Amino acid sequence: MKVAVVGAGAIGAYVGAALHRAGAEVHLIARGPHLEAMRRDGVRVLSPRGDFTARPAATDDPSDVGPVDYVFLGLKANSYAMSGPLVHPLMHQDTAVVAAQNGIPWWYFHGLDGPYTGRRLDSVDPGGSVSAALPPERAVGCVVYAATELEAPGVVRHLEGTRFSIGEPDRSVSARCLDFSEAMVAGGLKCPVEPDLRNDIWIKLLGNISFNPISALARATMGQICRHRDARALVESMMRETLDVAAAVGCRPGMSVERRIAGAERVGDHRTSTLQDLEKGKPLELDVLLAAVVELAELAGTPVPTLRAVHALADLLATTSSAPASASASASASAGSAP
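Everything in this summary refers to the structure shown in the same document. On a predicted model such as this, the values are computed, not experimentally measured, just so you know.

**Focus on helix 5 (residues 175-186)**
Right, on to step 1. The first and last C-alpha atoms of helix 5 sit 16 Å apart over 12 residues, in line with the 16 Å expected at 1.5 Å per residue.
Right, on to step 2. Every buried residue belonging to helix 5 is among Cys177, Phe180, Ser181, Ala183 and Met184, and all of these are buried. Seen along its axis, helix 5 keeps its buried residues to an arc of 165 degrees; they face one direction. Relative to its buried face, helix 5 has exposed residues pointing more than 90 degrees away, namely Ala175, Glu182 and Ala186.
Right, on to step 3. At its buried positions, helix 5 is contacted by helix 1 (10-21), strand 6 (70-73), strand 7 (96-100), strand 8 (139-144) and strand 11 (164-167).
Right, on to step 4. Looking at the residues trailing helix 5, positive phi occurs at Gly188, about 95 degrees.

**Considering the sheet that holds strand 1 (residues 2-6)**
Right, on to step 1. Read across the open sheet, the 7 strands follow the order 5-2-1-6-7-8-11; overall the sheet is mixed. Looking at which strands have only one partner, the edges of the open sheet turn out to be strand 5 (57-59) and strand 11. Between one strand and the next, the sheet's axes are offset by a mean angle of 20 degrees, whatever the strand orientation.
Right, on to step 2. Bridge analysis of strand 6 against strand 7 gives 4 bridges, and the strand direction is parallel. Bridged to Tyr70 within strand 7 is Ala96.
Right, on to step 3. The strands that helix 5 touches are strand 6, strand 7, strand 8 and strand 11; relative to strand 11, the one it contacts most, it runs at about 165 degrees.

**Some remarks on unusual backbone geometry**
Right, on to step 1. Backbone geometry at Arg171 places phi at a positive 70 degrees, although glycine is not the residue there.
Right, on to step 2. Mapped onto the elements, Arg171 comes out in the loop between strand 11 and helix 5.
Right, on to step 3. The exposure class assigned to Arg171 is partly exposed, which follows from its relative accessible area of 38%.
Right, on to step 4. Positive phi outside glycine occurs at Arg219, with the angle close to 55 degrees.

**Brief notes about the pattern of salt bridges**
Right, on to step 1. A complete count under the given rule lists 15 salt bridges for this structure.
Right, on to step 2. The salt bridge partner of Arg176 is Glu168, with a shortest N-O separation of 2.6 Å.
Right, on to step 3. You can call Glu168 buried: its relative accessible area is 7%.
Right, on to step 4. Between Glu258 and Arg240 there is a salt bridge, and its shortest N-O distance comes to 2.8 Å. One end of the pair, Glu258, is in helix 9 (residues 257-267); the other, Arg240, is in helix 8 (residues 229-248), and 18 residues separate them in sequence.
Right, on to step 5. Owing to a relative accessible area of 49%, Glu258 belongs among the partly exposed residues under this scheme.
Right, on to step 6. Here the salt bridges share partners, and the residues they tie into one network are Arg163, Glu194 and Asp200.

**Some remarks on the packing of helix 8 against helix 11 (residues 287-300)**
Pairs of packed helices are described in terms of their axes, by the angle between the two and the distance that separates them.
Right, on to step 1. Two elements in contact, helix 8 and helix 11, have axes separated by 9 Å at closest approach and are oriented at 50 degrees. One finds that helix 8 runs oblique with respect to helix 11. Taken as a pair, helix 8 and helix 11 cross one another with a handedness that is left-handed. Here Met238, Val245 and Ala248 of helix 8 come into contact with helix 11, specifically with Leu290, Val293, Leu296, Ala297 and Ala300.
Right, on to step 2. In terms of residue class, the contact of helix 8 with helix 11 is built from 8 nonpolar, no polar and no charged.

**Some details on the pairing of strand 11**
Look at any regular strand and the pattern is simple: side chains alternate between the two faces of the sheet.
Right, on to step 1. Burial of strand 11 is two-sided: the residues Phe164 and Ile166 facing one way and the residues Ser165 and Gly167 facing the other way are all buried.
Right, on to step 2. Inspection of the sheet shows strand 8 paired to strand 11 by 4 bridges, in the antiparallel sense. Note that in strand 11 the partner of Gly141 across the bridge is Gly167.

Rules used in this analysis
- Residues numbered from 1 in each chain as written.
- Predicted model: local features only at pLDDT ≥ 70, side-chain atom pairs only at ≥ 80, totals over all residues.
- Heavy atoms only, no water.
- Helix = DSSP H or I, 4+ residues; strand = E, 2+ residues; numbered from the N terminus.
- Expected span 1.5 Å × (residues − 1).
- Buried < 20%, exposed > 50% of the residue type's maximum accessible area, 1.4 Å probe, protein only.
- Arc of directions from axis to C-beta.
- Contact = heavy atoms within 4.5 Å.
- Pairing = 2+ DSSP bridges.
- Axes fitted to C-alpha atoms, helices over the stretch in contact; angles between N-to-C directions.
- Salt bridge = Lys/Arg side-chain N within 4 Å of Asp/Glu carboxyl O.
- Parallel < 35°, antiparallel > 145°, perpendicular 65-115°, else oblique.
- Left-handed = near helix turned anticlockwise from the far one by under 90°.
- Nonpolar A, V, L, I, M, F, W, Y, C, P; charged D, E, K, R; others polar.

Spelled out as structure tokens, the structure:
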């Protein structure tokens, strides 16, 4: 099996190291000091399950790699539309793209029977740009339950969880899914092939859609949000509306709001990825988490007043946090001179 990991950050490098340990031919695609460290010292994984070092090939040029059997996509979803130059040199006729993303994927209605078959969501696939870069028929969905972070260039700290659920958009149990799952398991990871991965997507999204934007808006950890009475009530309202939208488009994930919040509470004072991105000045991955569900609600005619309100604030935050410093200074000066 030949695998390219595009976006070999904390999750991508962890998966690549595990697959390499299992005997797969793995190529990590990254850049900067992280790439230099992986080329020099391999990927060092520090884990409560046991530390190990893997030395897969690493490059910043996918044309050096050539066609592969699987592309494991470790990029943030807001980079997918621009991923064509990275992914296309890796493709042959049967290459599968295993997309490890949070939120609603661009392929959500691909291969799904019902009134929305083939429908495109503009919030996650604007103008069809993601589908052009990553054709939906190549997609294998992946919901990540593992938590990792880059402790230093080339060094991945595995915090908890080893589960990577995968599945076909059309709900089939395909040979390509089974083969990839077998390789992941051989590398020490859990990789169940789910007949309908959309259940996993909504279960994880219940937490992401609520805690991620609130944590960024309030600069708060998950534990702090859970302990604040009104913030906790806001989370409950967002989760209930999200379950309403899921049901309206034909999915009932079988997870209660109370159970989902209890799970988040056990995580404790964890800073969500959105809060971490905000603190690092990176773009906020909110379209697939929040805007997509608001768009689905419009499509299904489901009222989501709480989601709409939080989306407006989070979208404003994303806009202002990415504004150039000179523009922010100018706006402050204008506000200060107003009567």
